[in-house]
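# Chains, contacts and geometry: an overview
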Amino acid sequence: MSFPINTYEKSRAMFQRAVKVIPSGLYGHQGPAEGCYIPVDAFPLFSSRAQGPYFWDLDGNRFIDYMCAYGPNVLGYNDPVVEEAARKQAEIENCVTAPSSLIVDFAELLVDTVDSADWAFFAKNGGDVTTLAVMTARAYTHRKKIVFFKGYYHGVAPWCQKIDYAGVLPEDVENNLYALWNDYEGLKALFEANQGQIAALIAQPYMHGNFMDNQLPAQGFWQKVRALCDQHGVVLVVDDVRAGFRLDLAGSDHFYGFKADLICFCKALANGHNVSALCGRDFLKNTVSGISYTGSYWMSAVPFAAGIACIQRMKQLNLPQLLREKGEKVTQGLVDAARRHGYDLRATGEPALFYLRLADDDSLMLHQRWIAEMVKRGIFLTNHHNHFLNYALSDADIQYTLEVADEAFAAL
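Below you will find a few notes about this structure. (Residues numbered from 1 in each chain as written. Predicted model: local features only at pLDDT ≥ 70, side-chain atom pairs only at ≥ 80, totals over all residues. Heavy atoms only, no water.)

To continue, consider the sheet that holds strand β13 (residues 379–380). Reading across from one edge, β1-β2-β3-β13 is the order of the four strands in this open sheet, with mixed pairing throughout. The outermost strands of the open sheet, each flanked by one partner alone, are β1 (47–51) and β13. Here strand β3 (residues 62–65) pairs with β13 via two bridges, running parallel. Residue pairing in the sheet places Ile-64 in a bridge with Ile-379 of β13. Relative to β3, helix α13 (residues 395–411) is tilted by about 105°, and along the sheet it contacts β2 (54–57), β3 and β13. (Pairing = 2+ DSSP bridges. Helix = DSSP H or I, 4+ residues; strand = E, 2+ residues; numbered from the N terminus. Contact = heavy atoms within 4.5 Å. Axes fitted to C-alpha atoms, helices over the stretch in contact; angles between N-to-C directions.)

This is the structure:
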């Protein structure tokens, strides 16, 4: 069959309005200047509505969405259970001088759900809680240095950016140390060279950076890292903002068989409602209590109600297993479609948030062309970022995706 090719006249007209009043027209990872929407003319730039596994752009084109708002959509857009909980709470109160007692209910639920959690602290964005985690580690240890794995992403605060980024000062990153993923001996040497100076090691549960194949932890790697941190008195922070609840409702550290000291959640926490959480072990609770860190909307009740409903629903569905099964169907089907047309498509990382790369062209341009052919036919992927699945994605949606992929490979 032949699929219609999208056009984006209304999106382009809206972008012309946007550039007059918004820096870059669209900024951050959603913007066309960031390198994940190439060629730009293949992609819609604005949405008009969303439901389940789909969103529609201003021109009325429907997309099966494998980016899920870059992760928050874990159950499906406008999940009826979550939205009903949010609506009912909105009728009562939301952002109030004295916070709703839902904050206690939500914290208790997280402590009961997440294996390494003895307490929970709520904010709004993933970067809010990764920043708090680093502040907590420094306050607890009275040390400065932070260990990262190369290829990391932990937000956009200056401490976790690169020295050549605009607005980042050398002193913002002068205490950052960098190790290679899965290189335990190199990490051990780094710890020994900085004995008594390292406050924290912060890492994603597996390496799911951009513009690179994703890498799972080597057998026993996390267990050795945990022991190394214990030996050197270093706080072990897991940034579970992206993978959290998609691998294991008890946390991705639990999934890989170790226990974090601090673990950061955001994207899948409330199915798109704006809340994040730092959870941690009891020995760090008093340290967090002594840090001055808050925000005007951090105790809003509606996202708490949505988060409670989301976690309860994920438990009822045994969602991580469902997402793994859906991811395996999608990735195996795409790899098979590529092979039929003589291409080598690599699908790496965990199936619930897979990464794709056509390995036939190191320049990445062939991969970008294939993604463009997919998007123009209504399958929303991006070029160099991991993808996400949601509960609402059906077998029929997956089959449709694979049929589009077949035509997109033929179009190359």
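Next up on the list: the packing of aromatic side chains. This model, assessed by the stated rule, comprises 30 aromatic pairs. Their ring planes at 20° and their centres at 5.1 Å tell us that Phe-55 and Phe-63 sit as a pair that is stacked. For the pair shown, Phe-55 and Phe-63 are each scored as buried. Considering the side-chain rings of Tyr-140 and Phe-283, the 5.2 Å spacing of their centres and the 65° angle between planes classify their relative orientation as edge-to-face. In this pair, Tyr-140 is assigned in helix α4 (residues 126–141) and Phe-283 in the loop between β10 (276–280) and α9 (285–289), connecting sequence segments 143 residues apart. Tyr-140 gets classed as partly exposed once you look at its relative accessible area, which sits at 37%. Using a relative accessible area of 37% as the deciding quantity, one classes Phe-283 as partly exposed. (Phe/Tyr/Trp six-rings, centres within 6.5 Å; stacked < 30°, edge-to-face > 60°. Buried < 20%, exposed > 50% of the residue type's maximum accessible area, 1.4 Å probe, protein only.)

Of all residues except glycine, most have a negative phi; of all peptide bonds, most are trans. Omega for the bond connecting Ile-38 with Pro-39 falls within 30 degrees of zero, at -5°, which places this linkage in the cis form. Unusually for a residue other than glycine, Asn-78 sits at a positive phi of about 55°. Tracing the sequence through the fold places Asn-78 in the loop between β3 and α2 (80–92). Phi at His-142 is positive, roughly 60°, even though this residue is not glycine. On the accessibility criterion, His-142 (72% relative accessible area) is exposed.

It is worth spelling out the side chain of Glu-350 at this point. With respect to the secondary-structure elements, Glu-350 resides in the loop between β11 (345–348) and β12 (355–358). Those residues in contact with Glu-350, other than ones at most four positions away along the chain, are Tyr-206, Leu-216, Leu-247, Phe-255, Tyr-256 and Arg-324.

Before going further, it helps to spend a moment on the pairing of β10. In summary, the side chains of a regular strand alternate between the two faces of the sheet. With respect to burial, β10 is a largely interior element, five of its five residues being buried. Across the two faces of β10 the burial is the same, with Ser-276, Leu-278 and Gly-280 and Ala-277 and Cys-279 all buried. Pairing geometry for strand β4 (residues 119–123) and β10, over five bridges, is antiparallel. Bridge pairing in β10 links Trp-119 to Gly-280. With four bridges joining them, strand β9 (residues 262–265) and β10 adopt antiparallel strand pairing. Within the sheet, the bridge partner assigned to Cys-264 lies in β10 and is Leu-278.

Moving on: helix α11 (residues 319–340). Relative to the 32 Å expected for 22 residues at 1.5 Å per residue, α11 spans 32 Å between its end C-alpha atoms, a close match to the ideal helical length. Among the residues of α11, Leu-319, Pro-320, Leu-323, Lys-326, Gly-327, Val-330, Thr-331, Gly-333, Leu-334, Val-335, Ala-337 and Ala-338 are the ones counted as buried. Where α11 is buried, its residues touch α10 (301–317), β11, β12, α12 (365–376) and α13. (Expected span 1.5 Å × (residues − 1).)

To continue, consider the environment of Ser-394. Mapped onto the secondary structure, Ser-394 falls in the loop between β13 and α13. On the accessibility criterion, Ser-394 (28% relative accessible area) is partly exposed. C-alpha separation for the pair Ser-394 and Val-241, spaced 153 residues apart in sequence, amounts to 25 Å. Polar side-chain contacts of Ser-394 include one of 2.9 Å to the side chain of Asp-397. (Polar contact = N/O pair within 3.5 Å; in protein donor to acceptor, adjacent residues only side chain to side chain.)

Let us now look at the nonpolar core. One finds Tyr-66, Leu-110, Leu-201 and Trp-370 to be the most contacted residues of the largest nonpolar core, which totals 110 residues. It is α10 that provides the largest number of residues to this core, a total of eleven residues. What Tyr-66 contacts, discounting residues up to four positions off in sequence, is Val-330, Phe-354, Ile-379, Phe-380, Leu-381, His-387, Phe-388, Leu-389, Leu-393, Asp-397, Ile-398 and Thr-401. Membership of the second largest hydrophobic core comes to 28 residues, among which are Phe-121, Val-129, Ala-199 and Cys-266. (Core = buried A, V, L, I, M, F, W, Y, C linked by side-chain atoms within 4.5 Å.)

This part takes up the environment of Lys-20. With respect to the helices, strands and loops of the structure, Lys-20 is situated in helix α1 (residues 9–21). Expressed as a C-alpha distance, the spacing of Lys-20 and Leu-381, which sit 361 residues apart in the sequence, is 28 Å.

Here the focus is the pattern of salt bridges. A full pass over the atoms with the stated rule returns 17 salt bridges. With its nearest N and O atoms 2.6 Å apart, the salt bridge here joins Arg-87 to Glu-84. Taken together, the residues span about one helical turn, with Arg-87 and Glu-84 both in helix α2 at a distance of three residues. The partner of Asp-406 in a salt bridge is Arg-340, and the shortest N-O contact between them spans 3.4 Å. With Asp-406 in helix α13 and Arg-340 in helix α11, the pair connects residues that are 66 residues apart, well separated along the chain. (Salt bridge = Lys/Arg side-chain N within 4 Å of Asp/Glu carboxyl O.)

Moving on to the pairing of β11. Note: β11 against β12, four bridges, orientation antiparallel. Paired with Arg-346 across the strands is Arg-357, a residue of β12. Once β11 ends, the chain turns through six residues before running back antiparallel as β12, passing Gly-349 with a positive phi of about 85°.

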